[in-house]
Amino acid sequence: MRLAALFLLALALASTSSAADVSLPPVVHGDREFDNAQIVDLDDDGRGDYLLPIPSSRGDGVIVRLNLGQGDIGPDLTYSFNPPSSRRTGGIFTFHLNADVLPDLVVRLTLRSGGCTSGGIAILLNQGNGVFATPQYFLFGQASVVILAHDVSGDGARDLVVSTREDCGGAPFGDLLVFLNDGTGVFASPTSYLPSSADPSHVAVGLFSADALPDIAVSGTGQYLPNLGGGVFGPPVTFTTPDPPHWMGAAALDTLPGDDLVVFDLNDDAFHVFLNDREGGFTRSTQTVADAEPWMHDYDGDGDADVLFREGTLMVNDNGVFTSTALALQGFIDPALAADFDDDGERDFTTRFGDFFRVYRGLGGTSFEASPRYHGEVQAVLDYDDDGDPDLLWFLTGFSSGFRFFENQGDATFVAVIDSELSADPMGGGELGLTAGEEIVVRGTSAVSGFGVVPGTTNGVFGAIQWYGWSDGLPHQMASLSRVVVEDLNNDGLRDLVFPRTDGSNGAVSVRWNRSGSFPDVTSLGVGTAPFRVIAGDFKEDGLPDLVADGWASFFMFFENQGSEAFAAATFVEAGTPSFLAAGDV
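Position numbers for residues count from 1 along each chain, tracking the sequence in the order it is written. A pLDDT threshold of at least 70 governs which residues receive local features in this predicted model, and a stricter bar of 80 or more applies before side-chain atom pairs are shown or counted, although totals over entire chains, interfaces and linings include all residues. To obtain the side-chain values, all non-hydrogen atoms of the structure were included, while hydrogens and water were left out.

Student: In this structure, what is going on with the sheet that holds strand E29 (residues 306–308)? I would like to understand it.
Tutor: Within a beta sheet, neighbouring strands are joined by backbone hydrogen bonds and run either parallel or antiparallel to one another. Any two strands with at least two DSSP bridges between them are considered paired. Helix and strand labels come from DSSP, where a helix needs a run of H or I of at least four residues and a strand needs a run of E of at least two; each type is numbered from the N terminus. The sheet built from four strands is open, its strands ordered E28-E29-E30-E31 with antiparallel pairing. Strands at the two margins of the open sheet, each flanked by one partner only, are strand E28 (295–297) and strand E31 (321–326). For this sheet, the mean inter-axis angle between neighbouring strands, taken without regard to orientation, is 25°. Two elements, E29 and strand E30 (residues 313–318), share two bridges in a ladder whose sense is antiparallel. Only the contacting stretch of a helix is used when fitting its axis, a line to C-alpha atoms as for every element, and angles between N-to-C directions run 0 to 180 degrees.

In structure tokens form, the structure reads like this:
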């Protein structure tokens with residue numbers, strides 16, 4: 001006769017993590033830095049793929065996950081490389097550096113030693129299908145700060161402009177390096193133009209002189225380098241008093257040809273506009289703006305570049321003259337996370353406040369309309385479901401890392417969709433939880449808020465989340481999602497959910513019965529102690545799965561399944577102090 005045995009193993013299990021961390025900052029498209037991850041179309045199929053850097057603690061490199069469409073994600077493609085001279089991977093940039101249509105990588109390299117930082121860059125050319133060529137390395141004695149890609153030599157290939165910075169405990173100094181591209185993505189050794197200059201932390205490339213060649217403006221020095229042709233730059237031209245700003249941007253601000261400069265200094269809230277006279281000179285005007293983190297875009301649709309700040313200050317440009325408008329917003333803006341979400345031709349953006357966000361729809365001019373608030377933190381914009389509407393992405397972090405998409409309904413309203421294929425570590429905790437077959441279980445954010453279920457389909461596209469309260473009045477929160485049991489307890493062909501719940505000293509085992517994909521009914525089994533984990537198994541060999549729960553005390557609890565969705569009262573079995581439960585046929 002076959003016997004089912006219950007193992008009680010006094011083992012401490014260390015949780016494992018996935019191959020790549022996904023604690024991610026916001027990044028939307030190419031030509032922007034990211035520290036931990038990037039959404040970018042790596043294989044030219046029109047879909048955003050996932051580029052996840054491997055932390056230096058686990059060896060340097062990247063993991064690529066190709067987006068196959070309709071929410072399906074390909075397997076991990078791991079690419080490792082080892083920078084020389086003990087330098088480690090810093091930020092990563094995506095640029096088009098050769099004649100193909102595939103985005104290539106430029107990786108910032110850093111090494112901190114003796115209070116000083118040395119740096120360098122690695123250039124990796126994209127060979128397609130998530131594979132990158134052997135890196136080309138350039139090392140230098142200062143940390144790289146800004147990395148830009150522009151065709152400064154006029155041959156049609158994008159060259160690299162890199163500023164470096166070092167302080168070593170004293171006054172900051174740096175350099176400006178220009179790397180010329182031979183057209184195939186192979187770069188010559190850099191030319192130094194501002195050795196030992198004063199803190200070139202910000203760089204802007206634009207048409208500042210009378211010719212049509214891109215020049216380079218550098219913060220800290222208050223100078224720009226005029227392009228003499230062929231990627232060679234002349235002596236610096238001073239356009240303002242040296243004062244390291246916190247942001248600098250170049251754009252055409254008035255009707256004259258060429259580019260102007262906008263500089264923001266957070267130390268004194270100074271918003272400087274430098275209008276170019278197209279002969280190498282600039283006229284400066286200054287306003288006070290008590291805000292931070294500006295972003296340049298034509299927000300009012302009049303053809304002039306405006307500037308939007310993080311806290312809602314919109315500097316509206318009219319032919320080089322800026323007027324300040326304070327937008328009534330809830331939360332802080334990340335202007336990078338902006339798009340035309342409702343396809344009306346107006347620029348929309350998102351704000352973040354606590355664990356929530358809103359979408360503000362542009363109505364024309366300086367008018368915006370707020371959406372309802374959504375639970376989550378937007379970190380990227382991409383068309384996840386290939387329907388032509390930009391959706392929103394949230395990288396979940398913590399014990400249960402993964403990705404949550406907010407699907408755009410076409411009118412700038414969103415529905416939360418969770419993709420289990422991107423769950424990097426379903427060990428419990430946080431928001432994203434257990435993948436239960438084609439469904440996903442989600443834990444509520446507050447102690448007794450309940451749980452959610454995201455119904456799934458066979459093609460990886462998930463429906464709207466369904467939230468459930470506990471409805472039994474017990475002040476117990478659910479334990480780690482890794483300990484949720486998914487089992488057909490009443491032999492109706494549908495898998496039910498079993499949750500161990502606790503308030504720290506007492507608790508219950510709660511069974512949620514599956515009613516064709518919804519879970520409205522609950523049976524709570526009181527245990528008189530804090531259940532740490534629960535398992536299911538047919539211990540009576542009657543065809544009905546029974547339940548066993550353990551706690552911090554020296555026993556476990558056995559609940560016999562009596563059918564008709566009823567369980568007998570707990571039977572307590574002395575067992576020492578269990579730290580692991582498993583059921584199987586021995």
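Student: Just checking my understanding: could you explain the pairing of strand E47 (residues 496–502) for this structure?
Tutor: Looking down a regular strand, the side chains alternate between one sheet face and the other. For every residue, the accessible area (1.4 Å probe, protein chains only) is compared with the maximum for its type, and the residue is labelled buried under 20%, exposed over 50%, or partly exposed between those bounds. A large share of E47 lies buried, amounting to seven of its seven residues. Both faces of E47 are covered, namely the face carrying Asp496, Val498, Pro500 and Thr502 and the face carrying Leu497, Phe499 and Arg501. The sheet contact formed by strand E46 (residues 485–487) and E47 spans three bridges and is antiparallel. Within the sheet, the bridge partner assigned to Val485 lies in E47 and is Val498. Bridge count for E47 against strand E48 (residues 507–515) is six bridges, and the pairing is antiparallel. Within the sheet, the bridge partner assigned to Arg501 lies in E48 and is Ala508.

Student: Please clarify how the sheet that holds strand E17 (residues 191–192) should be interpreted in this entry.
Tutor: Strands sit in the order E14-E15-E16-E17 across an open sheet of four strands; the sheet is antiparallel. Single-partner strands in this sheet number two, and they are strand E14 (143–150) and E17.

Student: Just checking my understanding: could you explain the packing of aromatic side chains for this structure?
Tutor: Given two aromatic rings, one states the distance between the centres and the angle between the planes to describe the pair. A pair of Phe, Tyr and Trp rings is counted when the ring centres sit within 6.5 Å of each other, with Trp represented by its six-membered ring. The angle between the planes then sorts it: under 30 degrees is stacked, over 60 is edge-to-face, the rest tilted. One pass over the full model with this rule turns up 18 aromatic pairs. A centroid spacing of 5.9 Å and a plane angle of 65° characterise the contact between Phe208 and Tyr224, whose relative ring orientation is edge-to-face. On the criterion of sequence distance, the pair formed by Phe208 in the loop between strand E18 (203–206) and strand E19 (215–218) and Tyr224 in strand E20 (residues 223–225) is long-range, its members being 16 residues apart. An identical accessibility class is assigned to Phe208 and Tyr224; each is buried. On the basis of an interplanar angle of 65° and a centroid distance of 5.0 Å, the ring pair of Phe264 and Phe309 is categorised as edge-to-face. Remark: Phe309 occurs in the loop between E29 and E30 and Phe264 occurs in strand E25 (residues 260–265); sequence separation between them is 45 residues. In terms of burial, Phe264 and Phe309 fall into one category: buried. Lysine and arginine charges are scored as sitting over a ring when NZ or CZ, respectively, is within 6 Å of the ring centre and within 35 degrees of the ring normal. Between Arg310 and the ring centre of Phe332, over which it is positioned, the NZ or CZ distance is 4.0 Å.

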